[in-house]
Amino acid sequence: MSTRFLAGAASVLGALAVAAGAFGAHALRSQITPELLSAFETGARYQMYHALALFGAAWMAGHGANPEAAWAGRFFILGTILFSGSLYALALTNDHRLGVVTPIGGACYIVGWIVLAVGARKI
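Just so you know, these numbers come straight off a predicted model, no measurement behind them. (Residues numbered from 1 in each chain as written. Predicted model: local features only at pLDDT ≥ 70, side-chain atom pairs only at ≥ 80, totals over all residues. Heavy atoms only, no water.)

*Asks:* Would you explain the side chain of Q47 in this entry?
*Replies:* Mapped onto the secondary structure, Q47 falls in helix 2 (residues 34–61). Within polar-contact distance, the side chain of Q47 engages the side chain of Y88 at 2.7 Å. Filtering out sequence-adjacent residues up to four positions away, Q47 remains in contact with L13, L16, A17, T80, S84, Y88 and Y109. (Helix = DSSP H or I, 4+ residues; strand = E, 2+ residues; numbered from the N terminus. Polar contact = N/O pair within 3.5 Å; in protein donor to acceptor, adjacent residues only side chain to side chain. Contact = heavy atoms within 4.5 Å.)

As structure tokens, this is what we get:
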């Protein structure tokens with residue numbers, strides 16, 4: 001996975017996190033319960049955190065930690081899809097069965113951070 005791809009993915013995920021946060025704050029606030037809104041906001045917040053982490057992975061890929069940075073990036077992207085995506089879907093559908101996916105996404109985030117730490121030893 002190239003530095004360019006990781007930085008581009010980080011940019012897209014960051015922009016989508018801002019859009020999701022605005023959507024939650026303005027369009028959803030009066031449409032869903034406070035509990036579901038909180039879940040949606042958590043998804044947007046963690047998506048932004050990991051968009052920034054993905055920028056860190058891109059930087060590390062350009063400074064000697066390419067294999068680890070690439071794997072960390074994969075885990076951050078997958079974590080965003082599973083963790084944030086499941087929280088968005090849960091909030092929009094109120095289908096609590098979707099919540100079983102959320103911890104898998106959280107585990108992807110954790111693995112991504114661990115792999116990033118391993119890669120940090122190379123820079």
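*Asks:* Looking at this structure, how should I read helix 3 (residues 66–93)?
*Replies:* In an α-helix, one turn spans 3.6 residues, which is why side chains three or four residues apart end up on the same side. Counted at 1.5 Å a residue, the expected span for helix 3 with its 28 residues is 40 Å, and the 39 Å between its end C-alpha atoms agrees. If you look at helix 3, its biggest bend is around 25°, right at G85. Positioned one or two residues after helix 3, N94 has a phi angle of 60°, which is positive. (Expected span 1.5 Å × (residues − 1). Bend = angle between axes of the 7 residues up to and from the residue.)

*Asks:* Before we go on, may I ask you to explain a nonpolar patch on the surface in this structure?
*Replies:* A contiguous nonpolar surface patch, about 280 Å² in accessible area, is contributed by I110, I114 and V118. Residue class for I114 comes out exposed when judged on its relative accessible area of 52%. (Patch = residues over 30% accessible without salt bridge, like charges linked within 9 Å, V, L, I, M, F, W, Y side chains within 5 Å. Areas by Shrake-Rupley, 256 points an atom, 1.4 Å probe, with all protein chains shown as cover. Salt bridge = Lys/Arg side-chain N within 4 Å of Asp/Glu carboxyl O. Buried < 20%, exposed > 50% of the residue type's maximum accessible area, 1.4 Å probe, protein only.)

*Asks:* How should helix 1 (residues 3–28) be read in this particular structure?
*Replies:* Helix length check: helix 1 (26 residues) gives 35 Å between terminal C-alpha atoms against 38 Å at 1.5 Å per residue, within 8%. Within helix 1 the residues assigned to the buried category are L6, A9, A10, L13, G14, A17, A20, G24 and L28. Check the buried side of helix 1 and you find it contacts helix 2 and helix 3.

*Asks:* Explain the pattern of salt bridges here, please?
*Replies:* Opposite charge on two side chains lets them pair, provided their charged atoms get close. In total, this model carries three salt bridges according to the counting rule given. Of the charged contacts, one joins R97 and D95 as a salt bridge, the two residues approaching to 2.9 Å between their closest N and O atoms. Classification of R97 by relative accessible area gives exposed; the value is 66%.

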